[in-house]
4 protein chains.
Amino acid sequence: MMTIVNGYEQSDREEHINVLNLESLEARAEKIIPKGGFGYISGGSEDNWTLAQNRKAFTHKQVYPRALANIDQPDLSANVFGLDLKTPVMMPPLAAQGLAHAKGEMDTAKAFAAEGALMAQSTYSSASIADTAAAGNGAPQFFQLYMSKDWKFNEAVIDEAKKAGVKGIILTVDATVDGYREADIINHFQFPIPMANLEKFSQGAGKGQGIAEIYAAAAQKISADDVRRIAEYSDLPVIVKGIQTPEDAELAIGAGASGIYVSNHGGRQLNGGPGSFDTLSAIAQAVNGRVPVIFDSGVRRGSDVFKALAAGADLVAIGRPFVYALALGGALGVQDALQEINHEFATIMQLAGTKTIADVKKAKLADFNY
Amino acid sequence: MMTIVNGYEQSDREEHINVLNLESLEARAEKIIPKGGFGYISGGSEDNWTLAQNRKAFTHKQVYPRALANIDQPDLSANVFGLDLKTPVMMPPLAAQGLAHAKGEMDTAKAFAAEGALMAQSTYSSASIADTAAAGNGAPQFFQLYMSKDWKFNEAVIDEAKKAGVKGIILTVDATVDGYREADIINHFQFPIPMANLEKFSQGAGKGQGIAEIYAAAAQKISADDVRRIAEYSDLPVIVKGIQTPEDAELAIGAGASGIYVSNHGGRQLNGGPGSFDTLSAIAQAVNGRVPVIFDSGVRRGSDVFKALAAGADLVAIGRPFVYALALGGALGVQDALQEINHEFATIMQLAGTKTIADVKKAKLADFNY
Amino acid sequence: MMTIVNGYEQSDREEHINVLNLESLEARAEKIIPKGGFGYISGGSEDNWTLAQNRKAFTHKQVYPRALANIDQPDLSANVFGLDLKTPVMMPPLAAQGLAHAKGEMDTAKAFAAEGALMAQSTYSSASIADTAAAGNGAPQFFQLYMSKDWKFNEAVIDEAKKAGVKGIILTVDATVDGYREADIINHFQFPIPMANLEKFSQGAGKGQGIAEIYAAAAQKISADDVRRIAEYSDLPVIVKGIQTPEDAELAIGAGASGIYVSNHGGRQLNGGPGSFDTLSAIAQAVNGRVPVIFDSGVRRGSDVFKALAAGADLVAIGRPFVYALALGGALGVQDALQEINHEFATIMQLAGTKTIADVKKAKLADFNY
Amino acid sequence: MMTIVNGYEQSDREEHINVLNLESLEARAEKIIPKGGFGYISGGSEDNWTLAQNRKAFTHKQVYPRALANIDQPDLSANVFGLDLKTPVMMPPLAAQGLAHAKGEMDTAKAFAAEGALMAQSTYSSASIADTAAAGNGAPQFFQLYMSKDWKFNEAVIDEAKKAGVKGIILTVDATVDGYREADIINHFQFPIPMANLEKFSQGAGKGQGIAEIYAAAAQKISADDVRRIAEYSDLPVIVKGIQTPEDAELAIGAGASGIYVSNHGGRQLNGGPGSFDTLSAIAQAVNGRVPVIFDSGVRRGSDVFKALAAGADLVAIGRPFVYALALGGALGVQDALQEINHEFATIMQLAGTKTIADVKKAKLADFNY
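Conventions and cut-offs
Residues numbered from 1 in each chain as written. Chains lettered and ligands numbered in written order. Predicted model: local features only at pLDDT ≥ 70, side-chain atom pairs only at ≥ 80, totals over all residues. Heavy atoms only, no water. Helix = DSSP H or I, 4+ residues; strand = E, 2+ residues; numbered from the N terminus. Rg over C-alpha atoms; globule rule 2.2 N^0.38 Å. Buried < 20%, exposed > 50% of the residue type's maximum accessible area, 1.4 Å probe, protein only. Contact = heavy atoms within 4.5 Å. Areas by Shrake-Rupley, 256 points an atom, 1.4 Å probe, with all protein chains shown as cover. Lys, Arg positive; Asp, Glu negative; His and termini not counted. Charge placed at Lys NZ, Arg CZ, Asp CG, Glu CD. Least-squares fit on C-alpha atoms with pLDDT ≥ 70 in both. Pairing = 2+ DSSP bridges. Phe/Tyr/Trp six-rings, centres within 6.5 Å; stacked < 30°, edge-to-face > 60°. Lys NZ or Arg CZ within 6 Å of the ring centre and 35° of its normal. Axes fitted to C-alpha atoms, helices over the stretch in contact; angles between N-to-C directions. Parallel < 35°, antiparallel > 145°, perpendicular 65-115°, else oblique. Nonpolar A, V, L, I, M, F, W, Y, C, P; charged D, E, K, R; others polar. Buried area = accessible area lost by both parts, 1.4 Å probe. Salt bridge = Lys/Arg side-chain N within 4 Å of Asp/Glu carboxyl O. Polar contact = N/O pair within 3.5 Å; in protein donor to acceptor, adjacent residues only side chain to side chain. Right-handed = clockwise from strand over helix to strand, strands pointing away. Expected span 1.5 Å × (residues − 1). Bend = angle between axes of the 7 residues up to and from the residue. pLDDT = per-residue confidence, 0-100. Arc of directions from axis to C-beta.

Points about the overall build of chain A
Tallying secondary structure elements over chain A gives 15 helices and 14 strands in all. In terms of overall dimensions, chain A is globule-like: its C-alpha atoms have a radius of gyration of 19 Å, near the 21 Å expected for 370 residues. Expressed as lengths along the three principal axes of its C-alpha atoms, the size of chain A is roughly 60 × 45 × 40 Å. The burial tally for chain A puts 67% of its 370 residues in the buried class. For chain A, restricting intrachain contacts to residue pairs at least 6 apart in sequence, the fraction spanning at least 24 positions comes to 74%. With an accessible surface of roughly 12100 Å², chain A has 49% of that area assigned to carbon and sulfur atoms. For chain A, the separation between the mean place of its 33 positive charges and that of its 42 negative charges on side chains is 2 Å.

This is the structure:
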């Protein structure tokens, strides 16, 4: 059940797992992912205040049960960015999934494709763009760009992503320096496995480095001009990821962004910032439907998905739990987890009297706020 | 003290129990109700957030002590739906009481009748409508309907309820799909005992099924038209149960509802919804006296009864604690528990300077809200 | 160090105790006061929610440190009800102090007299009015009346109180029925020692009874007329105790009350009511200086005394801690505790830049309220 | 690793320490600083409510992550009071650092000088003004004055401070009596080491005294006139320390203060007062740029430094953690701690899109306040 790579014990399980709920996967995964890898995946920055706030923020809005709505069999399908998706739940561009499983992003892609859900690849993937795309077998994928200081690198990965047929570029702008992640410091964590997209430029790149070194090679100065440049070069929709204020959403849209991705990087960057969900509705109001809004950071329950959509999101990304599922069961595990969250979400939709995603987006949330 | 039914150990105690308070009965009952049954009764959905919020909501309003009111001997009697009741505390339509006691709903009915209090039967009762009515010995009862997809079933149970002399129909509309109840999943819970009202249609029905299967047989699409149809067929007052918004109260009244039952199903359905008490006053204001309001979900103390009435309820239902009392002492246990909550409520009435339920309903609550 | 009375071990210590702070006395006293007595003294009603809220309420207002006030040696002296007191801290009419100490109220009276502080006797004192007054040695005392259904009793105790020279009558109006005190129920608590003022009417009265029986003999119907009647009969200032709303303060003043005593009986009566401090400022604003305001319930720190005065009180009563001090050291213990709270209060006065009680009453509190 | 002075075990370590974060130093230092000294340094007054509130207050404002700001390499340099500083983090005038280390303030001064950061000496330093200034080797220092009742003392220390070249006088006004510090009471704490600046006037002064005695020798009446007198005598900028209200800031500026130092003495004086950060923005708005504002009390993280500057501070002082670092590693330890907080702060600056301290001061904080 384990492959040893550079001394790191990688799961290679391929089996169904019994998913009680997404939250419960963390404790199970902790038992099989090596300490350093688990710390990297699970940790936030500093004392994890914002990480915790990401969960807490959801408790301050509630979903009103609605009866007499005369509906059954909620329809989770979402059409966003011109893509026909079977669920608004998507996979965010989570790096280095080889830490959890030998097949890494390939298994994740396979699972999301099987469920008709959108997958985003990370620049810092363990698996290459082409391999991950192939595992997705034609299902829609996005490619996320950590912009390098070296523009040639950016062109090369965009070229490869286009060749692989990705439907959009997610440009991450909230990681111009590494958040101070204490778990990594305590564990002296360095990536044991190369990052495939970097390795093309320099053999073994990523391996033996910590996140600080990785981010140091990326661009630190990022401006609206970069959004425009990436959009022009790629001729693909560019979604700007890491937005937490209406002002930045405005800047991004002004520079030609085709989507706004509200995220605080799962509490891994600016600790002491708000819970991501707390920032969503003001941003969505500012965006006002001009482009789609993706949301992540802290989503664990079907009711969280509902709340995020009702607060203005069009797609809702969930990261860590799927990587835990990946470790526990490979592609089958990820599919199980995705089915579970879809089941929870469908239950909430039915009990809230909402037949479609459009209905969810019109639902009024309660705010008994204590 | 135990009867074994289909391998399930059912209490058959008939004795007085010492009720310190209603909350304290849960831990005592947990020792004698089998794990699966206890999990089914005590659990909410998902991580029990809304279940906990149901209790917490009460702490955000407070009862003002009133002195110099020149009263003694508070009068708890309530006249609602044309019924003369000795207390506004009623038994909600809690299913499958055979899980707690061999006599199930029959003992509960006996106890509520003895105390002059209103009892509601559930469609999914362990005991039949007729037997439960007979145990009530002429005391007023309501019958709750989980509407079946099979209209013939609905007609048959309504016919039987009318024959048994029930005074009203409670139509539950918040359970068009099963809330995701993790305790049942963990315990692989299936009802060990048939449900008498279902069994008439299909021998042994209910037995060996989980709540998901039970609810799947029920109607999932419920609309205002169903309220009207049930009212017309039954020619009885129809009270719509599971209302958490003014909008749904309006729909129900517009369709001829004779009562609004504010409830979130004891936190067993939409987890991530507000505490039920938090939703009460807005609904009661919308109803504005046109029909009576019943409230449940989270009531455990005399002061909670007071708060619910002051926030707009006319009757206040309490579920789980009476089922625990049933397990601990049968009808005598239920009576003890009902006397205890009535005693607490009478004490609060006196200390709040309220002589009658009408006075309670006019009392202003404090909201030192932190 | 112990006297055995009717099987109850009464402390008879007379020694200095080392008072770190008033809160710390409870755990120490619990070791020497018998369980039943300790439960009676320390407990609130029901689940002690209001008891806890009495403390929590103070944390939602804060005292602003003030510098550059050019003061030293704060002056704690208070002139209220025409009495010259060395501190605004007073002893409330706490019943049955014989539970804590053989000398009961006599030692308390001695200690408060020695410190120039006001003492209030309770109708349900272990020691008689005359004995307690004598122990006070001419220092001012109030007498608190639990009005009996038997008007002759009321006249008799008022006569005795007047004879003993008390300066005012505190009429308690928030105890027309006993709060549901679970500690007493659990401990099957009955007073082991007679109540001296009752015993004059019926030998051994109070002994062998619980609080429910004691209160049952008292008047349950109390109105503004009773305030007037007591004032007329006694020709003494009547202070109405147990006020938690502006409305009741208005009623009492309208009926001739000479003082308003804001209290929720230390959380022993209406559980589910607000923290007493939360109700103070609205009442004080309604009273608007027409009569003095006494405050109690939850005061433990010098900063609480400051906050209560700044929120509108003129005198601040503290109960349980002094009874614990009584158990631990008799009159000397009570004096030590009173000196400690005075020292804390004087420190807060200095650091808040307030030289006199009048300055404290003008201080603006902060309300960083979370 | 230890020097024994008057029976007190003083650390004399001079080594690099591994600083995970500033908060983590307390537990490590507790193992090497004697109990009495540790209690004095770490403790607040009474039950430490305000001490805890100092930390909690920061959680109620949050830093918005800002992307697309086109910046890198944040510049922490601050020019305040005409001083060129490499960081806005400064050392407050923390007394008796000999409790932590044999070199006390001299090592602290050395470390702050090495990092280009401002150090403030305390009147109650273990090391003399001249020795501490010499250790700073020409780097800017402030001298803090606890005003003595003996004006000659004040003149003498000011003379010595001027001779040592200090750039300003911090006049502490919030300690006109000792806060009630229970840890010191419990530990019977007396300073084991003389205070160098007092000792010049009276041999061994400070040694064998508790904080109450020390403060008793200081002036208790302090007014705006004293600010003026100190300013005139010293001809140096006078910064008034211990301000928690706009009113006191106004008084100080009116009397010629050159700076306002917002502090509640680290929760060591008026317990029951607000968290210091809660008071900052109102004061800064009142000051409105007329003079610089220094802030302390509760700062532990780079994000706290950011929040304090954004709320109106110009310099941010951190006390206890540097003294723990001093115990753990002498000057090298203090430098390590200072580098760590600067690193955290620089990270937050970058992630918040702020290139300079001026940018930080213009940043809008979020207030998702629960």
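Regarding the relation of the copies chain B and chain C
Expressed as a screw operation, the relation of chain B to chain C combines 0.0 Å of axial shift with a rotation of 90°, fitting to an RMSD of 0.0 Å. What the superposition gives is, in effect, a four-fold axis relating one chain to the other.

Description of the pairing of strand E1 (residues 2-5) of chain D
All names here are of chain D. Summarising the sheet, E1 and strand E2 (residues 8-11) pair through four bridges and their orientation is antiparallel. Paired with Met 2 across the strands is Ser 11, a residue of E2. Between E1 and E2, which pair antiparallel in sequence order, lie two residues; one of them, Asn 6, sits at a positive phi of approximately 50°.

Observations concerning the arrangement of the chains
Left apart from each other, chain A and chain C have a closest C-alpha approach of 10 Å. There is no contact between chain B and chain D; across them, the least C-alpha separation is 10 Å.

Notes on the packing of aromatic side chains
What the rule picks out here adds up to 48 aromatic pairs over all chains. Each member of the aromatic cluster is reached from another via a ring pair, and the members are Tyr40(A), Phe189(A) and Phe191(A). Across the ring face of Trp49(B), the terminal group of Lys307(A) is positioned such that the distance to the ring centre comes to 5.8 Å.

Examining the packing of helix H2 (residues 35-42) of chain B against helix H14 (residues 320-351) of chain B
Residue and element names in this part refer to chain B. As a packed pair, H2 and H14 sit with axes 10 Å apart at the nearest point and diverge in direction by 155°. Between H2 and H14, the angle is such that the two are roughly antiparallel. Facing Phe 38, Ile 41 and Ser 42 of H2, the residues of H14 in contact are Arg 320, Val 323 and Tyr 324. For the contact of H2 with H14, the residue count by class is four nonpolar, one polar and one charged.

With respect to the interface of chain B and chain C
Taken residue by residue, the interface counts 31 residues in chain B and 39 residues in chain C. Here chain B packs against chain C, burying approximately 3000 Å² in sum over the two surfaces, 61% of which is carbon and sulfur. Linking chain B with chain C are four salt bridges, by the criterion used here. Glu182(C) is the partner of Arg301(B) in a salt bridge, and the nearest nitrogen-oxygen pair spans 2.8 Å. Inspection of the chain B/chain C interface yields 11 residue pairs in polar contact (both at pLDDT 80 or more). Put simply, the parts of the chain that give the side of chain B that touches chain C at least two residues each are strand E3 (62-63), helix H13 (302-310) and H14 of chain B. Top contributing element to the side of chain B that touches chain C by residue count: H14(B), with seven residues. Across the side of chain B that touches chain C, the residue classes break down as 15 nonpolar, eight polar and eight charged.

Comments concerning unusual backbone geometry
Working note: non-glycine residues mostly have negative phi, and peptide bonds are mostly trans. Residue and element names in this part refer to chain A. Its identity is not glycine, yet Asn 137 carries a phi of approximately 55°, on the positive side. Locating Asn 137 in the fold gives a position in the loop between helix H5 (129-136) and strand E8 (141-145). Under the relative-accessibility criterion, Asn 137 is labelled exposed at 69%.

A closer look at the interface of chain A and chain B
Listed by partner, the interface residues are 31 residues for chain A and 39 residues for chain B. Here chain A and chain B share an interface that buries about 3000 Å² over both sides, 61% of which is from carbon and sulfur atoms. Run the count over chain A and chain B and you get four salt bridges. Ionic pairing is found between Asp248(B) and Arg66(A), a salt bridge with its closest N-O pair at 3.0 Å. Inspection of the region where chain A meets chain B yields 12 residue pairs in polar contact (both at pLDDT 80 or more). Looking at the side of chain A that touches chain B, the elements with two or more residues in it are strand E3 (62-63), helix H13 (302-310) and helix H14 (320-351) of chain A. A class-by-class count of the residues in the side of chain A that touches chain B yields 15 nonpolar, eight polar and eight charged.

Regarding the sheet that holds strand E11 (residues 259-262) of chain C
Residues and elements named next belong to chain C. Ordered by their spatial adjacency, eight strands build an open sheet running E6-E13-E12-E11-E10-E9-E8-E7, and the pairing between neighbours is parallel. Two strands close off the open sheet at either side, each with one partner strand: strand E6 (89-90) and strand E7 (119-121). Two strands pair when backbone bridges link them, and E7 and strand E8 (residues 141-145) are joined in this way by three bridges, in the parallel orientation. Bridge pairing in E8 links Met 119 to Gln 141. In the packing of helix H4 (residues 104-114) onto the sheet, the strands contacted are E6, E7 and E8, and the crossing angle to E7 comes to about 160°. In the packing of helix H10 (residues 224-234) onto the sheet, the strands contacted are E8, strand E9 (169-172) and strand E10 (238-243), and the crossing angle to E10 comes to about 150°.

Section: the pattern of salt bridges
Residue and element names in this part refer to chain A. This model, assessed by the stated rule, comprises 51 salt bridges over all chains. One salt bridge in this structure joins Lys 355 and Asp 72, with 4.0 Å as the shortest N-O distance. Here Lys 355 is found in the loop between H14 and helix H15 (357-362), whereas its partner Asp 72 is found in the loop between E3 and strand E4 (78-80), with 283 residues between them in sequence. Residue classification places Lys 355 among the partly exposed positions, given a relative accessible area of 29%.

A look at the pairing of strand E9 (residues 168-172) of chain A
Residue and element names in this part refer to chain A. Within E9, five of the five residues are buried, leaving the element largely enclosed by the surrounding structure. On E9, burial covers both faces: Gly 168, Ile 170 and Thr 172 on one face and Ile 169 and Leu 171 on the other are all buried. Direction of pairing for E8 relative to E9: parallel, over a ladder of four bridges. Within the sheet, the bridge partner assigned to Gln 144 lies in E9 and is Ile 170. Once the chain exits E8 it traverses helix H6 (residues 151-163) before rejoining the sheet at E9, and the crossover so formed is right-handed.

A short note on H14(B)
The end-to-end C-alpha distance of H14(B), which contains 32 residues, comes to just 27 Å, noticeably less than the 46 Å that a straight helix rising 1.5 Å per residue would cover. Most pronounced at Gly329(B), the bend in H14(B) amounts to some 135°.

Considerations on the sheet that holds strand E9 (residues 168-172) of chain B
Pairing in this open sheet of eight strands is parallel, and the strands run E6-E13-E12-E11-E10-E9-E8-E7 (chain B) from one edge to the other. Only two strands of the sheet have a single neighbouring strand rather than two, namely strand E6 (89-90) and strand E7 (119-121) of chain B.

Examining the side chain of Glu182(B)
The topology assignment puts Glu182(B) in helix H7 (residues 182-187). Dropping the residues within four chain positions of it, Glu182(B) is found in contact with Leu20(A), Asn21(A), Arg301(A), Gly44(B), Glu46(B) and Asp47(B).

Details of the environment of Thr356(A)
Residues and elements named next belong to chain A. When you line up the elements, Thr 356 lands in the loop between H14 and H15. On the basis of relative accessible area, Thr 356 is assigned to the partly exposed category, the value being 26%. Sequence spacing of Thr 356 and Val 238 is 118 residues, and the spatial spacing of their C-alpha atoms is 27 Å. Not counting chain neighbours up to four residues away, the residues in contact with Thr 356 comprise Asp 75 and Met 349.

Comments concerning the confidence of the model for chain A
Summarising the model, chain A shows a mean pLDDT of 96, and 99% of its residues fall at 70 or more. Scoring the predicted complex yields pTM 0.97 and, for the interface, ipTM 0.96.

Observations regarding the side chain of Asp304(A)
All names here are of chain A. Within the fold, Asp 304 resides in helix H13. Looking at Asp 304, its side chain comes within polar contact range of the side chain of Arg 55, at 2.9 Å. A distance of 3.0 Å separates a polar side-chain atom of Asp 304 from the backbone nitrogen of Arg 300.

Looking at H10(C)
All names here are of chain C. Inspection of H10 places Ala 224, Asp 226, Val 227, Ile 230, Ala 231 and Ser 234 among the buried residues, and these make up the whole buried set. On an axial view of H10, the arc spanned by its buried residues comes to 160°, and they lie on one face. The exposed set on the far side of H10, more than 90 degrees from its buried face, consists of Asp 225 and Glu 232. A positive backbone phi angle near 55° is found at Asp 235, which sits one or two residues after H10.

Some thoughts on the environment of Leu22(B)
Residues and elements named next belong to chain B. Counting through the fold element by element, Leu 22 comes out in the loop between strand E2 (8-11) and helix H1 (25-30). Residue Leu 22 is classed as buried on the basis of its relative accessible area of 1%. Linking Leu 22 and Ile 318, residues 296 residues apart in sequence, is a C-alpha distance of 9.7 Å. For Leu 22, the contacting residues outside a window of four places in its chain are Arg 300, Ile 318, Pro 321, Ala 337, Glu 340 and Ile 341.

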